[in-house]
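Secondary and tertiary structure notes
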Amino acid sequence: MNTNQTLDLFILGGGINGAGVARDASGRGVSVMLCEKDDLAQGTSSRTTKFIHGGLRYLEQFEFSLVRKALIEREVILNIAPHISFPLRLIFINNDKIRNPLLIRTGLFLYDHLGGRRLIPSTDKVNLISSPEGFEVKEQYSSGYGYWDVWTDDARMVILNARDAKRNGAEIRTRTEFIGAEPQEDHWIVSIRDKATGVQERIRARILFDATGPWLKSNSSKFAGLNRPNDLRLVQGSHIILKKWWQGSHAYVLQHTDKRIVFVVPYLDDRAIVGTTERDLEGPIEEASILPSEQDYLLDILNSHFKRQFGPDDVISSYSGVRPLFDRDEGKGLSTVTRDYHLNMTMVNDKLPIISAYGGKLTTYRVLAEDVLNMLDPFLPNSGNPWTADKPLPGGDIPQGDFNSWYVDFTSDFEFLDESLLKHLGTTYGAEALDILDGVSDKSDLGRCFGSYFYEREALWLAEHEMAKVADDILFRRTKHGLFLTTEERDNFENWMISTNL
């Protein structure tokens, strides 16, 4: 891209909203540059519960529009990303002391019918005394409901959107710091700096989209002449990861005494994610980490529902994300603050637009992107129509979207490779796994093994095709290999990346 030209759209922030807008806009013929100060999905977008979900508890706040929008998106995501998303059955454990069962049944009925469900099964009642799903549950909980949402790899969802944007002509700049933006007569001058080289550039752009999420407030001073709403509430949510202790691929939904819902979700075959907590952020965004009280909160709810008892030593790791909620009314309880997104468009000098995204969920990122493009339609009269609901993300172009059938054929073509490696490649890259394995006829063709089932061929492909620049980009966002390597193996891989000058 010629940086002397005037871009249509400059996007600040490489999380799911920024990447989603970059994909949508570039696919409509809009010239786009996205700037991210760290790596794609390094912030909030990789610290979710890994769900594309309607938000069952949002029905209690009467957010029917949000729930309907999110329910519809579950099936859209299954269609465009069948390799990194799949239906997940959740067992909602009844507790009459917290919620009336009639309220739960009514909510699940609406959940089944609000979104025009086609691919996802309907709700069923579960006897926890006699069913396998209740084997690990305390006997005081005798009944529940099985309902369905969609699991996804949140970080890869971001990366695949950014890759598709790049394929459509967008410029994606990671590890590039935003210095500031100054309004001119008919365009903005945006100053950015490459964090590795220190080289600065000045970019001309007609429209700005701020998708920095939690950093939106702190970035406001970098926009000359801009006065944005200050209705942002930063909320920390933390998760813990433990060894999976139940049989089956289902998840659990637990009710805490404060009426919050906590999810227990299978993760990476033998692990479980438990979360999330919710508290107003204290301290810098970059230093957000789980507090002892948050860990105790999650362990307490596990111990109140399951026969097995858990303590701090059972926690393998944890992660915390900061959610930027749109909150007009200060002093409201966190549970009542909307999880829907809010888009604010400010005009500078009456002709230079900047759109800021407040709040939102991983689930509705694609709809948010369409809404942004709708708002910008008067400024982009020659842009195309909405298209992202029907076009698969990279690797998702699987016949009929039938991942299971595709996977059977894929594994049969590479019988000489370990099952764990094939499962990883298939569920991470989908159809692009064939590109990674192109020309491989023996395990030795994969190159050096860095530990577990992580090989040199995959690392080289990620550096070339997925904008991975440092070891952590590969180990913890484009893949989860870092969770299965020893400290020594991770260090060896980092040294290899440096020595090969990737």
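This text gives an overview of the structure that appears in the document.

Thresholds applied
Sequence order as written defines the numbering, with residues in each chain counted from 1. Reporting in this predicted model follows two pLDDT cut-offs: at least 70 for local features of residues, and 80 or more for side-chain atom pairs to be given and counted; totals over whole chains, interfaces and linings ignore these cut-offs and use all residues. Excluded from the side-chain calculations are hydrogens and water; all other atoms, namely the structure's heavy atoms, are used. Helix numbering and strand numbering both begin at the N terminus, where a helix is a DSSP run of H or I of at least 4 residues and a strand a DSSP run of E of at least 2. Computation of the radius of gyration draws on C-alpha atoms, with the globule rule given as 2.2 Å multiplied by the number of residues to the power 0.38. Relative accessibility decides the category of a residue: with a 1.4 Å probe and only protein chains considered, values under 20% of the type maximum give buried, values over 50% give exposed, and everything between is partly exposed. Here, residues are in contact when the closest pair of their heavy atoms is within 4.5 Å. A 1.4 Å probe and the Shrake-Rupley method give the accessible areas. Residues count as covered only by the protein chains that appear here. Positive charges come from Lys and Arg alone, negative charges from Asp and Glu alone, with His and the N- and C-terminal ends not counted. All charge positions are set by atom: Lys at NZ, Arg at CZ, Asp at CG, Glu at CD. Buriedness of a pocket was judged along seven lines, with at least five required to meet protein on both sides within 12 Å; pockets are open sets of points on a 1 Å grid over the protein atoms alone, cavities are sets where a 1.4 Å probe fits but cannot get out, and lining residues have an atom within 4 Å of a point. Grid points are joined across faces, edges and corners, and a volume is the space filled by probe spheres set on the points. The span one expects for a helix is its residue count, reduced by one, times 1.5 Å. Under this definition, polar contacts are N or O atom pairs within 3.5 Å; protein pairs additionally need one hydrogen-donor-capable and one acceptor-capable atom, and for neighbouring residues in sequence, both atoms have to be side-chain atoms. Note on pairing: DSSP must find at least two bridges between two strands before they are called paired. Stacked, edge-to-face and tilted are the three classes for Phe, Tyr and Trp ring pairs, Trp counted by its six-membered ring, which pair at centre distances within 6.5 Å; planes under 30 degrees apart are stacked, over 60 edge-to-face, the rest tilted. Only when the NZ atom of a Lys or the CZ atom of an Arg is both within 6 Å of the ring centre and within 35 degrees of the ring normal do we say a charge sits over the ring. Along the arc lie the directions from the helix axis toward the C-beta atoms. Throughout this description, the term salt bridge denotes a Lys or Arg side-chain nitrogen within 4 Å of a carboxyl oxygen of Asp or Glu.

Scanning the chain for helices and strands turns up 13 helices and 20 strands. At 23 Å, the chain has a C-alpha radius of gyration in line with the 23 Å of a compact globule built from 502 residues. Overall size of the chain, expressed as C-alpha extent along the three principal axes, is 70 × 60 × 45 Å. In the chain, buried positions account for 57% of the 502 residues. Expressed as a percentage of contacts within the chain between residues at least 6 apart in sequence, the contacts between residues at least 24 apart total 71%. For the chain, the computed accessible surface area is about 21,100 Å², with 47% contributed by carbon and sulfur atoms. For the chain, the distance from the average site of its 57 positive side-chain charges to the average site of its 72 negative ones is 4 Å.

A full pass over the atoms with the stated rule returns one cavity of 30 Å³ or more. Of the volumes computed, that of the largest cavity is approximately 40 Å³. As for the largest cavity, its lining consists of Leu 421, Leu 425, Ile 436, Leu 437, Leu 446, Tyr 455, Arg 457 and Glu 458. Taken together, the elements giving at least two residues each to the lining of the largest cavity come down to α9 (419-429) and α11 (456-465).

Compared with an ideal rise of 1.5 Å per residue, which puts 14 residues at 20 Å, helix α4 (residues 154-167) spans 20 Å between its outermost C-alpha atoms and is within 8% of the ideal. Here α4 lies mainly inside the structure; 12 of its 14 residues are buried. Among all positions of α4, only Asp 154, Ala 155, Arg 156, Met 157, Val 158, Ile 159, Leu 160, Asn 161, Ala 162, Arg 163, Asp 164 and Ala 165 are buried. Two or three places before Ala 155, at the opening of α4, Asp 153 has a side-chain oxygen 3.3 Å from that residue's backbone nitrogen. Backbone geometry just after α4 places Gly 169 at a positive phi near 110 degrees.

Before going further, it helps to spend a moment on the pairing of strand β4 (residues 85-93). Counting buried positions along β4 gives seven out of nine residues, so the element sits mostly inside the fold. Two strands pair when backbone bridges link them, and β4 and strand β6 (residues 143-152) are joined in this way by nine bridges, in the antiparallel orientation. Counted as the bridge partner of Ile 93 is Gly 144 from β6. Sheet topology note: the β4/strand β12 (residues 251-255) ladder contains three bridges and is parallel. Within β12, the residue paired with Ile 91 across the bridge is Tyr 252.

Quick look at the packing of aromatic side chains now. Counted according to the given criterion, the structure contains 22 aromatic pairs. Plain terms: the ring middles of Phe 450 and Phe 454 are 5.2 Å apart, the flat faces sit at 45 degrees to each other, and that makes the pair tilted. The same class applies to Phe 450 and to Phe 454, which are both buried. In this structure an aromatic cluster arises from ring pairing among Phe 403, Trp 406, Tyr 407, Phe 410, Phe 414 and Phe 416. Lying over the aromatic face of Phe 484, Arg 271 brings its terminal NZ or CZ to 4.8 Å of the ring centre.

Another aspect to go through is helix α3 (residues 101-113). Taking 1.5 Å per residue, 13 residues should reach 18 Å; α3 reaches 19 Å between its end C-alpha atoms and fits that length. Buried residues of α3: Ile 104, Gly 107, Leu 108, Tyr 111 and Asp 112, and no others. For α3, the angular spread of the buried residues around the axis is 140 degrees, confining them to a single face. Where α3 is buried, its residues contact α2 (64-80), β4 and β6. Sitting at the head of α3, Asn 100 places a side-chain oxygen 2.8 Å from the backbone nitrogen of Leu 102.

Right, let's talk about the environment of Ser 46 for a bit. The residue Ser 46 is located in the loop between β2 (32-35) and β3 (51-52) in this model. By relative accessible area, Ser 46 is classed as buried at 16%. C-alpha separation for the pair Ser 46 and Asp 154, spaced 108 residues apart in sequence, amounts to 5.5 Å. A polar atom in the side chain of Ser 46 sits 2.6 Å from the backbone oxygen of Ala 41.

Here we take up unusual backbone geometry. Residues Gly 275 and Thr 276 are joined by a peptide bond in cis, for which omega reads 15 degrees. Its location among the elements puts Thr 276 in the loop between β14 (271-275) and β15 (279-280). We note that Ala 41 has phi near 65 degrees; this positive angle belongs to a residue other than glycine. When you line up the elements, Ala 41 lands in the loop between β2 and β3. On the basis of relative accessibility, which here comes to 2%, the residue Ala 41 falls in the buried class. With phi around 55 degrees, Ser 452 is a residue other than glycine that occupies positive phi space.

What follows covers the pattern of salt bridges. With the rule as written, the count across this model stands at 33 salt bridges. The residue Arg 167 makes a salt bridge to Asp 164 at a minimum N-O spacing of 2.3 Å. With Arg 167 and Asp 164 both in helix α4, this residue pair falls three residues apart, about one helical turn. The shortest N-O distance in the salt bridge between Lys 423 and Asp 269 comes to 2.6 Å. Pair noted here: Lys 423 is in helix α9 and Asp 269 is in the loop between β13 (261-267) and β14, with a separation of 154 residues, a long-range link. Residue classification places Lys 423 among the partly exposed positions, given a relative accessible area of 37%. Under the relative-accessibility criterion, Asp 269 is labelled exposed at 59%. Connected via shared salt-bridge partners are Asp 39, Arg 175, Asp 473, Arg 477 and Arg 478.

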